[in-house]
Amino acid sequence: FSGLPALAQRTCGTPLAITQAQKAYPKRFAIYRRNLRLGPPSEALKKYQRGTAIAVIPVVVHIVLKDPTVVTDAQVQSQIAVLNTDYSADNADSVKIPQVWKSLFGDMRIQFCLAERTPDGNPSDGIDRVTTAVSSFSEDNAAVLGKLAASGGAVAWDPTRYMNIWVCNIADNVLGIGTPPGLYPADEDGVVVLYTAFGTVGTLLPDYNLGRTLTHETGHYFNLLHPWGDGDGTCSPGDDVDDTPPESAPVYDCPSFPYLKDPCSPASPGVMFMNFMGYANDDCMDLFTVGQVARAQAALLGPHASLLTSDGCQPVILANLDAALGSISSPAGKICTGGVSPVVTLR
Ligand code: ZN
Ligand code: CA
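Only a predicted model underlies this, so the values are computations on that prediction, with no experimental measurement involved. (Residues numbered from 1 in each chain as written. Chains lettered and ligands numbered in written order. Predicted model: local features only at pLDDT ≥ 70, side-chain atom pairs only at ≥ 80, totals over all residues. Heavy atoms only, no water.)

(A) Molecular detail of the coordination of the calcium ion (ligand 2). Summarising the metal site, the calcium ion (ligand 2) is bound by the protein donors Asp239 (OD), Val241 (O), Thr244 (O) and Thr244 (OG1), whose distances to it range over 2.4 to 2.5 Å. Counting the intervening residues between successive donors of the calcium ion (ligand 2) yields the motif D-x1-V-x2-T. (Donors = N, O, S within 2.8 Å, 3.2 Å for Na, K, Ca; no water.)

Here it is in structure tokens:
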């Protein structure tokens, strides 16, 4: 699409969101840091990992734009489809995984469904369009202003029952932001994606038109870090995942394999630049590792466990000839004399 400025490089707002949370929410940050190094897996997690169950996570997509119809239902559906193939190790481009790492290709066994009901039990298609006067939201504090009604954002649906996705215009050339579990207040928990890096159809940036920004940011939502760990350029502890090779800094665009310029992994096969948690272009990333899957599943069965029993994707059973008084528009307040001609909303 010729009208869109090209983004030179992938930029993820999650490291800044983590840094800012340290100042804004020191207590929560301390817990986050403590949980960063995973302890031994719980019995429940071990049982889950031995099994074949597939988790189904209800999602709501809040489209917060001056014209929210710009992001079509088809675009939303194309994005959910990518998420589902990437989180079930079903992505066709996994054939490109280098031979040396094929055995590390991990299957998250997580699926995502657009919500079938709102938090208060009304039928829904899981897409929430909010018209805003704000042309772009700052990435500050995980783009908090896009999540609050008072600042022109869209209010979260109960984050214990839904994974919230905000699709908006983000300032500062940021493609997306994911909040690690428990680090941000509940109603700010979720994922933010730039509307031109969302899905595979519609008006999209050329290098980010395969829906991988949400794959990446959802990884943060499930407690994954960038392979280089966003630290001080040292090789350890990196992302606290053993099977992603040590890396000191992001690798952009799409280099040829093997990439040996990182001092942390100078010998072949080098760094795993095609990992979903890296900064390569959409058509250049194709896997989570077995170690990342274990870490994400620990977050799923830990802080995000309530999503596993959510009824968010169960359709509402509608009764025939059933209506409820949704609201009374008129009269307002008390009427003590005469008659009224009420104006009400039936649902
Ligand atoms: Zn990231
Ligand atoms: Ca690693």
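Additional details are given in the paragraphs that follow.
(B) Summary view of the coordination of the zinc ion (ligand 1). Those protein atoms acting as donors to the zinc ion (ligand 1) are Cys12 (SG), His216 (NE2), His220 (NE2) and His226 (NE2), and they sit at 2.0 to 2.2 Å. What the 4 donor atoms of the zinc ion (ligand 1) show is an angle range of 99 to 121° at the metal, which sorts the shape as tetrahedral. We note that the donor set of the zinc ion (ligand 1) lies within a single chain, spaced as C-x203-H-x3-H-x5-H. In this pair, Cys12 is assigned in the segment before helix H1 (14-24) and His220 in helix H6 (residues 212-221), connecting sequence segments 208 residues apart. Of the two residues, Cys12 and His220, neither departs from the other in class, the shared state being buried. (Tetrahedral: all angles 85-135°; square planar, octahedral: opposite > 155°, others 65-115°. Helix = DSSP H or I, 4+ residues; strand = E, 2+ residues; numbered from the N terminus. Buried < 20%, exposed > 50% of the residue type's maximum accessible area, 1.4 Å probe, protein only.)

(C) Local environment of the state of the cysteines. This structure, assessed with the given rule, holds 3 disulfides. Each sulfur of the disulfide joining Cys113 and Cys313 lies 1.9 Å from the other. Judged by the sign of its S-S torsion, about 110°, the cystine formed by Cys113 and Cys313 is right-handed. One end of the pair, Cys113, is in strand S2 (residues 110-114); the other, Cys313, is in the loop between helix H7 (290-301) and strand S9 (325-330), and 200 residues separate them in sequence. A sulfur-sulfur separation of 2.2 Å characterises the disulfide bridge that pairs Cys254 with Cys284. Torsion about the S-S bond of the Cys254 and Cys284 cystine: about 80°, corresponding to right-handed handedness. Separated by 30 residues along the polypeptide, Cys254 in the loop between strand S7 (252-253) and strand S8 (279-280) and Cys284 in the loop between S8 and H7 bring together distant segments of the chain. Residue classification places Cys254 among the partly exposed positions, given a relative accessible area of 44%. (Disulfide = S-S within 2.5 Å.)

(D) Highlighting H1. All of the buried residues along H1 are Thr14, Pro15, Ala17, Ile18, Gln20 and Ala21. In this structure, the buried side of H1 is in contact with helix H2 (26-36), helix H5 (140-143), strand S5 (176-178), H6 and S8. (Contact = heavy atoms within 4.5 Å.)

(E) Representation of the pairing of strand S6 (residues 191-194) in the model. Across the two faces of S6 the burial is the same, with Val191 and Val193 and Val192 and Leu194 all buried. Of the pairings in the sheet, the one linking S5 to S6 comprises 3 bridges and is antiparallel in character. Note on S6: the bridge partner recorded for Ile177 is Val192. (Pairing = 2+ DSSP bridges.)

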